Amino acid sequence: MRTLRLAVSALAVCVALSACGGQDGAGDTPTPTPTGAQPVTSPPSPDPSSPAVPPTPGDPVDPTGPALPPPTRPGGGPTKPPPAGGATLTGTVTAGVEPNCLLLDNYLLIGGPRDLLKPGAKVTVTGRVQRDLLTTCQQGTPFLVETARRG
């Protein structure tokens, strides 16, 4: 009896899906256009490779405009450029907006000794930036900690 109910349910789904698939207008009789009226046509769709709005001077996509100001930290000062390869960061660890997320100078600390890396701790860490690393912390540039010491 259970198999019969599953088969009937599956058949009902197939009928519903096939009814939806036939609604593309194929096989429908065209609606006659009143005499003297122009048929309604949709406007051409925009080219997805071209921008919807032309760039204005100063936009990041406009190479002729002035350069954008450097990014700023929540504290207000400009951020340091990201370290290339192996790097050392020194400063005070702050808590991120998500649980268990720690930041140092706008870099998200990944790994390292958690007994040393706590909010408010002054530390020096070495490691490297890993920009393509996905995290749940939603802030900071991922920095893979190799060593850490009190700063």
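Above this text you will find the structure in question.
Residues numbered from 1 in each chain as written. Predicted model: local features only at pLDDT ≥ 70, side-chain atom pairs only at ≥ 80, totals over all residues. Heavy atoms only, no water.

(A) Layout of the overall build of the protein chain. When helices and strands are tallied, the protein chain shows 1 helix and 6 strands. Ordered by position from N to C terminus, the α and β elements of the protein chain give α-β-β-β-β-β-β. The buried share of the protein chain, reckoned over its 151 residues, is 19%. (Helix = DSSP H or I, 4+ residues; strand = E, 2+ residues; numbered from the N terminus. Buried < 20%, exposed > 50% of the residue type's maximum accessible area, 1.4 Å probe, protein only.)

(B) The arrangement of the environment of Thr-94 in detail. Counting through the fold element by element, Thr-94 comes out in strand β2 (residues 94-95). Discounting chain neighbours no more than four positions away, the residues touching Thr-94 are Cys-101, Leu-102 and Leu-103. (Contact = heavy atoms within 4.5 Å.)

(C) Examining the pairing of strand β5 (residues 122-129) more closely. Two elements, strand β1 (residues 86-92) and β5, share 7 bridges in a ladder whose sense is antiparallel. Considered in β5, the bridge of Gly-86 is made with Arg-128. Note: β5 against strand β6 (residues 141-150), 7 bridges, orientation antiparallel. Counterpart to Arg-128 in the pairing with β6 is Leu-144. (Pairing = 2+ DSSP bridges.)

Honestly, it's all geometry; don't read function into it.
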